[in-house]
Amino acid sequence: MPFSNSSELSPSFLLASIPGLEAAQCWVAIPLCSAYVLAVLGNGAVLLVVRAEPGLHAPMYFFLCMLAAIDLALATATVPRVLSFYWFGSREISFGACLLQMFLIHTLSAIESTVLLAMAVDRYVAICHPLRHAAVLTNGATAKIGLLAVARGVLFFLPLPLLLLPLPFCGPRVLSHSFCLHQDVMNLACANTTPSVVYGLTAILLVMGLDAVLICLSYLLILKAVLRLAAWRERLKVFSTCIAHICVVLTFYVPLIGLSVVHRFGKDLAPLVHIIMGNIYILVPAVLNPIIYGVRTKQIQRRILSLIHVIDR
């Protein structure tokens, strides 16, 4: 769809449709909507259970609540807009709305990465320095870490939309996803985007990249401490407390890396691949995280089962 020159002063973009399935997008939206409902119910249940269960008022579960809130915010910032396009044909998104959505996606992802690092440190202190765990990771310290995660995400990723504001956009402004991402929007600019490219890469390396390295370092130290234990059963018992967090870390970083690889090296890939990877990145962690912790945490299991029983009655 062409855009007039007058629109350059206040550009808008077109969200990516599903290639070959444009006429059936209303049906494709049904599983997408179902996944979003599951994410809302699952993460909402985690928040309610941790709040209602005094035995879960501990740093690890407060971090879990932070993850649930972030996943809810991230899914809500994207999926309803995608559904309005698939169901009602509202394909065009204004420049301001696109920049806001882009800022929310990248900032919330950075906050989630920081929280995952904090959870890895929590596991390290609990296993390697158990006597100091209660003194180091207090509820007050947990709240400060949450505020620091928010401040870090905002400070690092607020410049991304600011760098795009003065750029001119011309020609067909069709995104490769059904929502706005920095690299996607940046590639549509008809001007020098070197500052935006350099800063975007630097921010990702200093936040997600550094966090991933520190998480791996934490687990190397945990593994070293576990291997010092004499009995295999004791080793497995101690390390099993980390399984849920490891799964959540993989659920976050694997789609993130996959999406980054598709953006960097997937210019010749089918447009459908970009759309699928984008939806996986947004929805898979939000859907799976409550399931992972629900399966691994007996208190959460019991509380959710009791809620289901009450509803059935």
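Basis of the calculations
Residues numbered from 1 in each chain as written. Predicted model: local features only at pLDDT ≥ 70, side-chain atom pairs only at ≥ 80, totals over all residues. Heavy atoms only, no water. Helix = DSSP H or I, 4+ residues; strand = E, 2+ residues; numbered from the N terminus. Rg over C-alpha atoms; globule rule 2.2 N^0.38 Å. Buried < 20%, exposed > 50% of the residue type's maximum accessible area, 1.4 Å probe, protein only. Contact = heavy atoms within 4.5 Å. Lys, Arg positive; Asp, Glu negative; His and termini not counted. Charge placed at Lys NZ, Arg CZ, Asp CG, Glu CD. Disulfide = S-S within 2.5 Å.

### Let's talk about the overall build of the chain
And step 1. A tally of regular secondary structure across the chain gives twelve helices and two strands.
And step 2. Across the chain, helices and strands are ordered from the amino to the carboxyl terminus as β-α-α-β-α-α-α-α-α-α-α-α-α-α.
And step 3. For 313 residues, the compact-globule estimate of 2.2 N^0.38 gives 20 Å, and the chain sits close to it at 21 Å.
And step 4. Taken over the C-alpha atoms alone, the chain extends approximately 70 × 50 × 35 Å along its principal axes.
And step 5. The buried share of the chain, reckoned over its 313 residues, is 46%.
And step 6. Taking the intrachain contacts of the chain between residues at least 6 apart in sequence as the baseline, contacts between residues at least 24 apart amount to 79%.
And step 7. For the chain, the centre of its 20 positive side-chain charges and the centre of its 12 negative side-chain charges are spaced 14 Å apart.

### Things to note about the state of the cysteines
Covalent bonding between the sulfur atoms of two cysteines is what defines a disulfide.
And step 1. In the structure shown here, the tally under the stated rule is two disulfides.
And step 2. Paired through a disulfide, cysteine 98 and cysteine 180 show a sulfur-sulfur distance of 2.0 Å. Looking along the S-S bond of the cysteine 98-cysteine 180 disulfide, the torsion reads about -120°, which is the left-handed sense. Residue cysteine 98 is found in helix α3 (residues 95–128), and its partner cysteine 180 is found in the loop between α6 (159–164) and α7 (182–186); the two are separated by 82 residues along the sequence.
And step 3. Of note for the chain: the bonded cysteines, numbered N- to C-terminal, pair according to 1-3, 2-4.
And step 4. Looking at the unpaired cysteine 242, the closest cysteine sulfur is the one in cysteine 128, lying at 8.8 Å.
And step 5. Assessed through its relative accessible area of 0%, cysteine 242 is described here as buried.

Purely spatial values, then, with no claim about function.
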